[in-house]
Amino acid sequence: QVQLVESGGGLVQAGGSLRLSCAASGSIFSIATMGWYRQAPGKQRELVAAITSGGNTNYADSVKGRFTISRDNAKNTLYLQMNSLKPEDTAVYYCNANVAGVLTLKNDYWGQGTQVTVSS
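Residues numbered from 1 in each chain as written. Predicted model: local features only at pLDDT ≥ 70, side-chain atom pairs only at ≥ 80, totals over all residues. Heavy atoms only, no water.

Caption draft 1: Local environment of the overall build of the protein. Tallying secondary structure elements over the protein gives zero helices and 11 strands in all. The order of helices and strands in the protein, counted from the N terminus, is β-β-β-β-β-β-β-β-β-β-β. In terms of its C-alpha atoms, the protein occupies a principal-axis envelope of roughly 50 × 25 × 20 Å. Buried positions account for 42% of the 120 residues belonging to the protein. Within the protein, contacts between residues separated by at least 24 positions form 54% of all contacts whose residues are at least 6 apart in sequence. In the structure as shown, the protein presents an accessible area of about 6300 Å², 49% of it carried by carbon and sulfur atoms. Here the protein carries 10 positive and 7 negative side-chain charges, and the mean point of each set is 3 Å from the other. (Helix = DSSP H or I, 4+ residues; strand = E, 2+ residues; numbered from the N terminus. Buried < 20%, exposed > 50% of the residue type's maximum accessible area, 1.4 Å probe, protein only. Contact = heavy atoms within 4.5 Å. Areas by Shrake-Rupley, 256 points an atom, 1.4 Å probe, with all protein chains shown as cover. Lys, Arg positive; Asp, Glu negative; His and termini not counted. Charge placed at Lys NZ, Arg CZ, Asp CG, Glu CD.)

Caption draft 2: Region of the structure containing the sheet that holds strand β3 (residues 18-26). Taken in spatial order, the four strands line up as β1-β3-β8-β7 in an open sheet, and their pairing is antiparallel. Both outer strands of the open sheet, β1 (2-7) and β7 (67-72), are each paired with one neighbouring strand and no more. The sheet shows a mean angle of 15° between the axes of neighbouring strands, direction not considered. (Pairing = 2+ DSSP bridges. Axes fitted to C-alpha atoms, helices over the stretch in contact; angles between N-to-C directions.)

Caption draft 3: Layout of the packing of aromatic side chains. Going through the model one piece at a time under the given rule, you end up with one aromatic pair. Over the face of the ring belonging to Tyr-94 we find Arg-45, whose NZ or CZ atom lies 3.7 Å from the ring centre. Residue placement shows Arg-45 over the ring face of Trp-110; its charged tip is 4.7 Å from the ring centre. (Phe/Tyr/Trp six-rings, centres within 6.5 Å; stacked < 30°, edge-to-face > 60°. Lys NZ or Arg CZ within 6 Å of the ring centre and 35° of its normal.)

Caption draft 4: Spotlight on a nonpolar patch on the surface. A contiguous nonpolar patch, built from Phe-29, Val-102 and Leu-103 and spanning about 410 Å² of accessible area, is present on the exposed surface. The residue Leu-103 is located in the loop between β9 (91-101) and β10 (106-110) in this model. Taking the relative accessible area as the measure of exposure, Leu-103 reaches 81% and is therefore exposed. (Patch = residues over 30% accessible without salt bridge, like charges linked within 9 Å, V, L, I, M, F, W, Y side chains within 5 Å. Salt bridge = Lys/Arg side-chain N within 4 Å of Asp/Glu carboxyl O.)

Caption draft 5: The arrangement of the state of the cysteines in detail. Summed over the entire model, instances satisfying the criterion amount to one disulfide. Residue pairing for Cys-22: its cysteine sulfur links by disulfide to Cys-95, the two sulfurs lying 2.1 Å apart. Where Cys-22 bonds to Cys-95 through sulfur, the torsion about that S-S bond is close to -75°, and the disulfide is left-handed. Of this pair, Cys-22 sits in strand β3 while Cys-95 is found in strand β9, placing the two residues 73 residues apart along the sequence. For the pair formed by Cys-22 and Cys-95, the shared burial category is buried. (Disulfide = S-S within 2.5 Å.)

So this is what it looks like as structure tokens:
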């Protein structure tokens, strides 16, 4: 089994910064694409940013230039540096990883989510 544990959420004023982390653990053979998603109240979950094992990234238009996704493959850890935060960034942020287990084929796994609240 594979677990994803997020940390780093919280309350911040508009214009501030936060850094989210997501640590993957368990019977991991390899991790392909990892990503951050978010879901605001009453809205669908949306992709914020994703990164491949080789370091290729893509971002939602709404966060380009403000957020930076990165990963440490040796530590199986994903990061999201969020700068110039806006009230509309308020949401629960979820980590996602496409993981090949030691004895299993690739599966998508999700973290439990971490709340990010940006006050105006």
